[in-house]
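Next come the chains, spelled out residue by residue.
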Amino acid sequence: MRTYLVTGGCGFIGSNFIHHMFRTYGDDIRIINVDALTYAGNPENLASVENLPNYTFVKADVCDKDAIRRVFAENDVDVVVHFAAESHVDRSILEPELFVRTNVLGTANMLNCAKEAWSLPDGPDPLGNYKPGKRFLHVSTDEVYGSLPDDPDAFFYETTPYAPHSPYSASKASSDFLVKAYMDTYHFPANITNCSNNYGPYQFPEKLIPLMINNALNGRKLPVYGDGMNVRDWLYVEDHCRAIDLVIHKAPLFETYNVGGHNEKRNIEIVKTIIEVLREELPDTDPRKANVSEDLITYVEDRKGHDRRYAIAPDKIRRDLGWEPETMFREGIRKTITWYFDHMDWMEHITNGAYMKYYEKMYGDRGAAESK
Ligand code: NAD
Ligand code: TYD
């Protein structure tokens, strides 16, 4: 039975990944989820698996040497899937040092503890010798590559030079470089994935798609940054989870893969699609339906250093591992909206707490640049 140590498993992608793994491998695997339960970590995301005998939750900070060492000492971990991070660009602009701590120092600590636990004293490899079958997957983002021009032929490849602009992407880029350095210096058994923007169930409503769904349902304004023409490349979260599953089981060690589904959309298109699908899905008898219209769209002051366009070239993961995205955008948005309808209590639990204070801080005095 293989043991997977997942960090940040109570967050958006981590919890989707844990569900994916239990759905796919059932009793044949063990998962240890290490999460510090920051504002973004919600144990409710994993309520349906928390009593499984092959699932263990450890509340710990990835920066905590003793705690992480203990996890490795007490468990024969085969694969680390490292999601834990501060993940929101707007927060990184307010509090950059927190991003350096969690994303850079936390990754350094995870690498050190895994290296220590997996090392064998002697062997033929002068760079480093490890117990067989061990692998560390560092889950990263396409934002490390910076911003693309509005040219439909420009894409991020694995060979694109790093050019991060936000404190978030700079901290993720630093963590990627550490993983690369461990591979080159110690022959440490790792891979990196750089994925585009995800959406789907369990996404914290500070990110564009769940924020717009939640606001529209509550008749609140839909705050579009700048001119709304920035482009993101959207991937349904389950497609990302399948990509990670393939990389940890099939990819050659030391390789990096870009993950994305050629699903480039301007932010304003996303917001309008959400409004359309919400109107299609809400029954006429639902009083919330009257709230949902394009009149809610409000253009607000732009994000500082706002990257214009992201677009992934997923050719390598397609060619080498046969990965293809399965969920097309409109279908994915419909599934996401239906999920939020069915989990309004999940949204309420989040929105009645600390999240609202943050919301006030972010949007409270962000004047409307223009209302359309
Ligand atoms: P998230 O913010 O929803 O979840 C992060 C999780 O990490 C939370 O459960 C939080 O409690 C935990 N965490 C934070 N600091 C921690 C610490 N010091 N110790 C232990 N746990 C800690 O993030 P997400 O959107 O699920 O992203 C997961 C990973 O995927 C991140 O590394 C992110 O950079 C990467 N990624 C995200 C996207 C996206 O669109 N969301 C796209 C590409 C890559
Ligand atoms: P976000 O979901 O924060 O992801 P990222 O910044 O990591 O790409 O934002 C996606 C895009 O949506 C980004 O261009 C910023 C924009 N945006 C808005 O216009 N309004 C909002 O309220 C939010 C949260 C984001």
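The residue count restarts for each chain, going from 1 along the sequence in the order it is written. In the order they appear in the text, chains get letters beginning with A and ligands get numbers beginning with 1. Thresholds applied to this predicted model are a pLDDT of at least 70 for local features of residues and 80 or more for the giving and counting of side-chain atom pairs; totals over whole chains, interfaces and linings are not thresholded and use all residues. With hydrogens and water stripped out, all remaining heavy atoms of the structure feed into the side-chain values.

Peer 1: Is there a simple way to explain the overall build of the protein in this structure?
Peer 2: When you go through the protein residue by residue, the secondary structure sums to 12 helices and 13 strands. A compact globule built from 372 residues should have a C-alpha radius of gyration of about 21 Å, and the protein, at 21 Å, falls within 12% of that. Once the C-alpha set of the protein is aligned to its principal axes, its extents read approximately 70 × 45 × 40 Å. The contacts of the protein with a sequence gap of at least 6 include a subset with a gap of at least 24, amounting to 83%. Helix numbers and strand numbers start at the N terminus; a helix is a DSSP run of H or I with at least 4 residues, a strand a run of E with at least 2. Radius of gyration: C-alpha atoms only; globule rule: 2.2 Å multiplied by the number of residues to the exponent 0.38. In what follows, residue pairs with any heavy atoms lying within 4.5 Å of each other are defined as contacts.

Peer 1: Explain the sheet that holds strand E1 (residues 2-7) here, please?
Peer 2: Across a sheet, strands are paired by hydrogen bonds formed along the backbone, either parallel or antiparallel in direction. For two strands to be treated as a pair, DSSP must find at least two bridges joining them. Taken together, the 7 strands give an open sheet; going across it, the order is E3-E2-E1-E4-E5-E6-E10, and neighbouring strands pair in parallel fashion. Either end of the sheet is taken by a strand with one partner, and the two such strands are strand E3 (55-59) and strand E10 (256-259). When the angles between neighbouring strand axes are averaged without regard to direction, this sheet yields 20°. Note that strand E4 (residues 79-82) and strand E5 (residues 135-141) share 4 bridges and pair parallel. In the sheet register, histidine 82 faces E5, and the bridge partner there is histidine 138. Think of each axis as a best-fit line through the C-alpha atoms, taken over the contacting stretch in the case of a helix, with angles from 0 to 180 degrees between the N-to-C directions. Of the strands in this sheet, E1, strand E2 (29-35), E3 and E4 are in contact with helix H1 (residues 12-25), which crosses E2 at around 170°. The strands touched by helix H7 (residues 237-250) within the sheet are E1, E4, E5, strand E6 (190-195) and E10, with E5 carrying the most contacts at an inclination of about 150°.

Peer 1: What is the right way to read the pattern of salt bridges from this model?
Peer 2: For side chains bearing opposite charge, pairing can occur when the charged atoms are close. In the sections that follow, a salt bridge refers to a side-chain nitrogen of Lys or Arg positioned within 4 Å of a carboxyl oxygen of Asp or Glu. Counting across every chain of the model gives 24 salt bridges. For arginine 69, the salt bridge identified is with glutamate 116, shortest N-O distance 2.9 Å. Here arginine 69 is found in helix H2 (residues 65-74), whereas its partner glutamate 116 is found in helix H4 (residues 96-118), with 47 residues between them in sequence. Residue burial is assigned from relative accessible area. The probe radius is 1.4 Å, only protein chains are included, and a residue is buried under 20% of its type maximum, exposed over 50%, and partly exposed in between. Its relative accessible area of 38% is what places arginine 69 among the partly exposed residues. Assessed through its relative accessible area of 46%, glutamate 116 is described here as partly exposed. Lysine 134 is the salt-bridge partner of aspartate 76, the closest N and O atoms lying 2.9 Å from each other. Pair noted here: aspartate 76 is in the loop between H2 and E4 and lysine 134 is in the loop between H4 and E5, with a separation of 58 residues, a long-range link. Exposure remark for lysine 134: the relative accessible area of 6% places this residue in the buried category. One salt-bridge network, held together by shared partners, links Glu276, Glu280, Glu281, Arg330 and Arg334.

Peer 1: Explain the side chain of threonine 141 to me, please; I cannot follow it from the model alone.
Peer 2: You can see threonine 141 is positioned in strand E5. Polar contact criterion, stated in full: a pair of N or O atoms within 3.5 Å, where within protein one must be able to donate a hydrogen and the other to accept it, and residues adjacent in sequence count only if both atoms are side-chain atoms. A distance of 3.4 Å separates the side chain of threonine 141 from the side chain of aspartate 142, its partner in a polar contact. In this structure the side chain of threonine 141 is engaged in a polar contact, spanning 2.9 Å, whose partner is the backbone nitrogen of glutamate 143. Ignoring sequence-local partners within four residues, the contact set of threonine 141 consists of Tyr168, Lys172, Thr193, Asn194 and Cys195.

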